[in-house]
Amino acid sequence: MASRSAARPASEEDEDAGSTAPRTRGLLSALGLTLASTLVWGVAHLRVGRRWAGALLLALFLALAAAGAVAGLFFRSDLLQLAVQPDWLTGLAAGILALGLLWITVVIRSYQIVRPETLSLGARTLGVAGVIVLCFAVALPTAWAGYSTYLYRDALTSIFRTGDSRGRPVNVKDPWNGQRRVNVLLLGGDAAANREGVRTDSMTVASIDTKTGDTVLLSLPRNLERVPMPPGPARDRFPYGFTGDGPATPGLLNEVYQYAEDHPDVVPGARKNERGPELLKATISGILGLRVDYYVLVDMFGFADIIDAIGGVKIKITQPIYYGLEGGVLQPGERTLSGKEALWYGRSRTYSDDYTRMGRQKCLLRAIARQADPQTVLTSFDRLAAATKRAISTDIPQELLPAFITLSKKFNDGGQVTSLQFVPPLIYTGNPDYALIRRLAAQAVATPSESASPSPSASGSASGSASPRASRTPRASSSAEPSRQTKPVSLDATCP
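If you're wondering where the values come from, they're calculated on a predicted model, not measured in any experiment.

Draft legend 1. Expanded view of the environment of Asp214. Residue position: Asp214 is located in the loop between β2 (199-209) and β3 (215-220). Separated by 197 residues in sequence, Asp214 and Phe411 have C-alpha atoms that sit 6.2 Å apart. With near-sequence residues (within four places) excluded, Asp214 lies in contact with Arg181, Ser207, Ile208, Asp209, Gly414, Gly415 and Gln416. A polar atom in the side chain of Asp214 sits 2.9 Å from the backbone nitrogen of Gln416.

As structure tokens, this is what we get:
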């Protein structure tokens, strides 16, 4: 009797072991089918015979995948235009979150229909844990994509406002109003902690051909004196050119921005932080004899954050560049500059001058434009969005961003960038020949047919505000000497 009673528990143990193995295999099979349905919707449903539901899920999955592939391969330019429209971005963020919820629902339901009916507590726990892992694998990338889209939209709407500078709607069907060129004033602002206000030490007009994307950069030195002011209160106050805000300031071009911010009466009707850009746009428009449509102001210290966010910028240095109070040196060679180093590369005047650093600034912008590829942007998106919000201000309307995307595509398809700097020996900054500046600017942006005849821009209305002293001082001849650069040159030829 004792041997029988002893044999019975052993038999039950064998029976339990024999039933546990099929249950374990059933759990692993269920998790495998759930994983397959996570990768391709409908697999689990089709496996258990739920053909209609499985076919519907599979068709939906294939349609979404095909739509994404077709859009990415054949409609990339259209996607880029949609990517700068806040309404589409809102819809995209909502769509990403909805897709994530639907995907998680498919994962959970797939497991429910394929799991074994009888599982031990441990097996059930293991199965639930596996499904949770799969749900997280779906949720994390979709949540990140939705959050990144939100950050991008927030940065976009923070930097670019709706309507033009006066709040009027923009005609998106004719964004350039029939103009052959759009002119954007690029400003580098130096708002250091030990300095009051903003000093625009870098001022360049990017004149972009709206048909080809070809761009001419017209750069003005910060220390131009007696700049003619635009008609109105500013010219009434400075009829013979800008002389600054009292004897403590020298009256240079880079002071105009902050002067307008400090004196609202010279730009009536403009709000704070808009007075400076408005007056400087009008002033530079008069200097060059060209219409200035929009401006972009980049804070120099925020600019360093942008460089750090994209992992630095690669550039070739041909000679030592000294910077900082600690006596730092950027050594010659192929280097990857941090934000701080890139800032000093574009700002340093030690053993150099304003005009040399103006050239370095153009080369730095060229290097950033070439290296800021989509992969670099995506891998540091949150930092880049935050840095951009802090660093950039502009009056370019949101509605024009798709048109600017189209221009950038034209440029990437073969557009050229040339540069003309109005610096010595071409222009004497202490007593500039503004008529020569306007004439050369007009020639730089003229088409071949226009350049064959005299340009009316050479005698713009701004010339009436030049200083009487300037008219009596000997000027440079209109036919410039051979050593002077009077025509735009390619940045590929001037940058190392």
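Draft legend 2. Region of the structure containing the nonpolar core. Residues Val182, Val313, Leu337, Tyr345, Leu364, Ile396 and Phe404 are the most contacted members of the largest nonpolar core, which totals 44 residues. Beyond its immediate stretch of four places on either side in the chain, Phe404 contacts Trp176, Val182, Val184, Tyr294 and Ile396. Core analysis: the next-biggest nonpolar cluster, separate from the first, contains 41 residues, Leu220, Phe242, Val256 and Phe422 among them.

Draft legend 3. Seen up close, the packing of helix α6 (residues 121-159) against helix α14 (residues 381-391). Between α6 and α14, the least distance of the axes is 9 Å, while the angle of their chain directions is 15°. Here α6 lies roughly parallel to α14, going by the angle between them. α6 and α14 meet at a crossing whose hand is left-handed. Contact residues: Ser148, Leu151, Tyr152, Asp154, Ala155, Ser158 and Ile159 in α6; Phe381, Asp382, Ala385, Thr388 and Lys389 in α14.

Draft legend 4. Region of the structure containing helix α9 (residues 275-288). Here α9 is 14 residues long and its end C-alpha atoms lie 20 Å apart, about the 20 Å a rise of 1.5 Å per residue gives. Of all the 14 residues making up α9, 11 are buried; the element is thus mostly covered by neighbouring parts of the structure. The set of residues buried in α9 consists of Arg275, Gly276, Pro277, Leu279, Leu280, Lys281, Thr283, Ile284, Gly286, Ile287 and Leu288.

Draft legend 5. Region of the structure containing the state of the cysteines. Applying the stated criterion across every chain, the model contains one disulfide. For Cys363, the disulfide goes to Cys495, at an S-S distance of 2.1 Å. Taking the sign of the torsion about the S-S bond as the criterion, the disulfide between Cys363 and Cys495, at about -95°, is left-handed. A residue pair is termed long-range when its members are at least 10 positions apart, and Cys363 in helix α12 (residues 354-371) and Cys495 in the segment after α19 (491-494) qualify at 132 residues.

The rules behind these values
Residues numbered from 1 in each chain as written. Predicted model: local features only at pLDDT ≥ 70, side-chain atom pairs only at ≥ 80, totals over all residues. Heavy atoms only, no water. Helix = DSSP H or I, 4+ residues; strand = E, 2+ residues; numbered from the N terminus. Contact = heavy atoms within 4.5 Å. Polar contact = N/O pair within 3.5 Å; in protein donor to acceptor, adjacent residues only side chain to side chain. Core = buried A, V, L, I, M, F, W, Y, C linked by side-chain atoms within 4.5 Å. Buried < 20%, exposed > 50% of the residue type's maximum accessible area, 1.4 Å probe, protein only. Axes fitted to C-alpha atoms, helices over the stretch in contact; angles between N-to-C directions. Parallel < 35°, antiparallel > 145°, perpendicular 65-115°, else oblique. Left-handed = near helix turned anticlockwise from the far one by under 90°. Expected span 1.5 Å × (residues − 1). Disulfide = S-S within 2.5 Å.

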